[in-house]
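Geometric and topological summary
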Amino acid sequence: EITAIGASGFRVFFQSHIYALIALIIIAAHLFLRQKMERKNAVLAGIVLYASSLTILISQSRSFWLAGVVTLACIFVFSLLTFREKRTYSLIVSSLLIIIVISQFSALNLITGNFGVNFAERRFQNLSQEPATSSRMNQLNPLLTAIKKNPIMGSGFGTEFTYKSNDPRILKEGLNGLRATYASEWGYLDIILKIGAAGLLSYVIFILCIIGFAFSLQNNPLLKSLIFGLIGLSIVHIFTPYLNHPLGIAYILILSSFIINLQNDIQSHQPLAQISR
């Protein structure tokens, strides 16, 4: 989506920007967890950190912004609890990230030539009248009604429901904005519609098992950073479906493969008695 947002600004959003968010979270987690890097890798990580955060800013995706803020807050709290004796370091990293974001908003003002515009504030103005927000709200009742038909096992993939959209592109098609779709913006409700509460519970347990195993390994900050990426992905899924999207599923498959290989490596270096325990 490339859309004019006023004040000479444009929103540029691709679905693959989810990987920019994950990259931002992973590198930020590395900083908070004091993962040592060679100088050239540190420079590259800094470039990716700045570019990914700028990408998320330009995307103007409130779901990404919410996931980024909440996940970074979780990383910050985790670092405080893990490194209690060095809380000043966590505060310095937090301040650095805030400075980076402020500089990027200033860069947007410079590019557009509108120095009195707050592009973040504009995205949260008139939410009730904004097409994307109102369309999401309009999906709720029809989606819940469809879920009630088979709440436990779900109605199967491809199940459609009809709602009234306020998206200008849909309104141009006529039919008073009525749209039949099998894809809802409410990610977790969409999963319940397709595979039921039992399917969602299985998925949540699977994700919690991945997170639990990662945090059981005290000496693997890389794995913990990847897990924080999964947490960010799970938060985005509330309003923008990714856990049932090829891009999100791909990240989970990659992460799961990484964990399986790591587990095999650990077991191959442990005594038999220790593995049994």
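Residues numbered from 1 in each chain as written. Predicted model: local features only at pLDDT ≥ 70, side-chain atom pairs only at ≥ 80, totals over all residues. Heavy atoms only, no water.

Examining the overall build of the protein
Defined as follows: We count a stretch as a helix when DSSP gives it H or I for four or more residues in a row; a strand needs E for two or more, and each element gets its number in order from the N terminus. We call two residues in contact whenever any of their non-hydrogen atoms come within 4.5 Å of each other. Charge convention: Lys and Arg are scored as positive, Asp and Glu as negative, and His as well as the terminal groups of each chain are ignored. Charge coordinates come from a single atom per side chain, which is NZ of Lys, CZ of Arg, CG of Asp or CD of Glu.
A count of helices and strands for the protein gives 11 helices and four strands. Reported as C-alpha extents along the three principal axes, the dimensions of the protein are approximately 65 × 55 × 30 Å. Within the protein, residue pairs in contact and separated by at least 24 positions form 69% of the contacts whose partners lie at least 6 positions apart. Each charge class in the protein was averaged separately, 21 positive and 11 negative side chains, and the resulting centres sit 7 Å apart.

Section: the pattern of salt bridges
Definition in use: The term salt bridge refers to a side-chain nitrogen of Lys or Arg lying within 4 Å of a carboxyl oxygen of Asp or Glu. Partly exposed residues are those whose accessible area sits between 20% and 50% of the maximum for their type, while under 20% is buried and over 50% is exposed, using a 1.4 Å probe and protein chains only.
All chains considered together, the criterion is met by three salt bridges. One salt bridge connects R11 with E1, and the closest N-O pair in it is separated by 3.2 Å. Residue R11 is found in strand β2 (residues 9-12), and its partner E1 is found in the segment before β1 (2-6); the two are separated by 10 residues along the sequence. Judged by relative accessible area, R11 falls into the buried class, the value being 14%. Since its relative accessible area comes to 41%, E1 is described here as partly exposed. Ionic pairing is found between R136 and E185, a salt bridge with its closest N-O pair at 3.4 Å. Here E185 lies in the loop between β4 (178-181) and α8 (187-216) and R136 lies in helix α6 (residues 131-147), a separation of 49 residues in the sequence. By relative accessible area, which is 30% here, E185 ends up partly exposed.

Structural notes on the nonpolar core
Note on soluble globular proteins: their nonpolar side chains tend to be buried together. As a reminder of what qualifies: As used here, the term nonpolar core means buried Ala, Val, Leu, Ile, Met, Phe, Trp, Tyr and Cys residues forming a set that is joined through side-chain atoms within 4.5 Å.
Among the nonpolar cores identified, the biggest contains 58 residues, and I18, L21, F64, L230, L233, Y251 and L255 are the most heavily contacted of them. No other element matches the 11 residues that helix α1 (residues 18-32) contributes to this core. When neighbours within four sequence positions are excluded, L21 is seen to be in contact with I56, F64, A67, G68 and V236.

Considering the packing of aromatic side chains
This is how the line gets drawn: What counts as a ring pair is set by centres within 6.5 Å for rings of Phe, Tyr and Trp (its six-membered ring), and what kind of pair is set by the plane angle: stacked under 30 degrees, edge-to-face over 60, tilted for all other angles.
In this structure the tally under the stated criterion is eight aromatic pairs. Centre to centre, the rings of F78 and F215 are 5.2 Å apart; their planes meet at 75°, and the pair counts as edge-to-face. With F78 in helix α3 (residues 62-82) and F215 in helix α8, this pair connects stretches of sequence that are 137 residues apart. For F78, a relative accessible area of 21% corresponds to the partly exposed category. Geometrically, the ring pair formed by F215 and F228 is edge-to-face, given 5.7 Å between the ring centres and 90° between the ring planes. Taken together, the residues span a long stretch of sequence, with F215 in helix α8 and F228 in helix α9 (residues 221-236) at a distance of 13 residues.

Examining the side chain of N109
Looking at where N109 falls in the secondary structure, it is placed in helix α4 (residues 87-112). Apart from the residues within four sequence positions on either side, N109 is in contact with N114, F115, V117 and F119.

Here we look at helix α10 (residues 246-268)
Defined as follows: In this scheme, a helix's expected span is set at 1.5 Å multiplied by one less than its residue total.
Along its 23 residues, α10 runs 33 Å from first to last C-alpha, staying within 8% of the 33 Å computed at 1.5 Å per residue. Every buried residue of α10 is listed here: G248, Y251, I252, L255, S256, I259 and L262.

With respect to a nonpolar patch on the surface
Our working rule: Patches here: salt-bridge-free residues with over 30% relative accessible area, like charges joined within 9 Å, nonpolar side chains (Val, Leu, Ile, Met, Phe, Trp, Tyr) joined within 5 Å. Each accessible area is a Shrake-Rupley estimate made with a 1.4 Å probe; only the visible protein chains count as cover when residues are assessed.
There is a patch of nonpolar side chains on the surface, built from I2, F10 and F14 and spanning about 350 Å² of accessible area. By secondary structure assignment, the location of F10 is in strand β2.

Details of the state of the cysteines
In protein structure, a disulfide is the covalent linkage between the sulfur atoms of two cysteines. Short version of the rule: Disulfides are defined as pairs of cysteine sulfur atoms found within 2.5 Å of each other.
Tallied over the full model, the rule gives zero disulfides. Of all cysteine sulfurs in the structure, the one in C209 sits closest to C74, which takes part in no disulfide; the separation is 19 Å.

Some points on the environment of I25
Relative to the elements of secondary structure, I25 occurs in helix α1. For the pair formed by I25 and G113, sequence separation is 88 residues and the distance between their alpha carbons is 30 Å.

Brief notes about the packing of α1 against α4
To keep it simple, the criterion reads: Only the contacting stretch of a helix is used when fitting its axis, a line to C-alpha atoms as for every element, and angles between N-to-C directions run 0 to 180 degrees. Roughly parallel means an angle under 35 degrees; roughly antiparallel means over 145; roughly perpendicular covers 65 to 115; every other angle is labelled oblique.
Across the interface, α1 lies against α4 with an axial gap of 9 Å and an inter-helix angle of 150°. The pairing of α1 with α4 is recorded here as roughly antiparallel in orientation. The residues of α4 that touch α1, namely those facing A28, L31 and F32, are Y89, S90, V93, S94 and L97.

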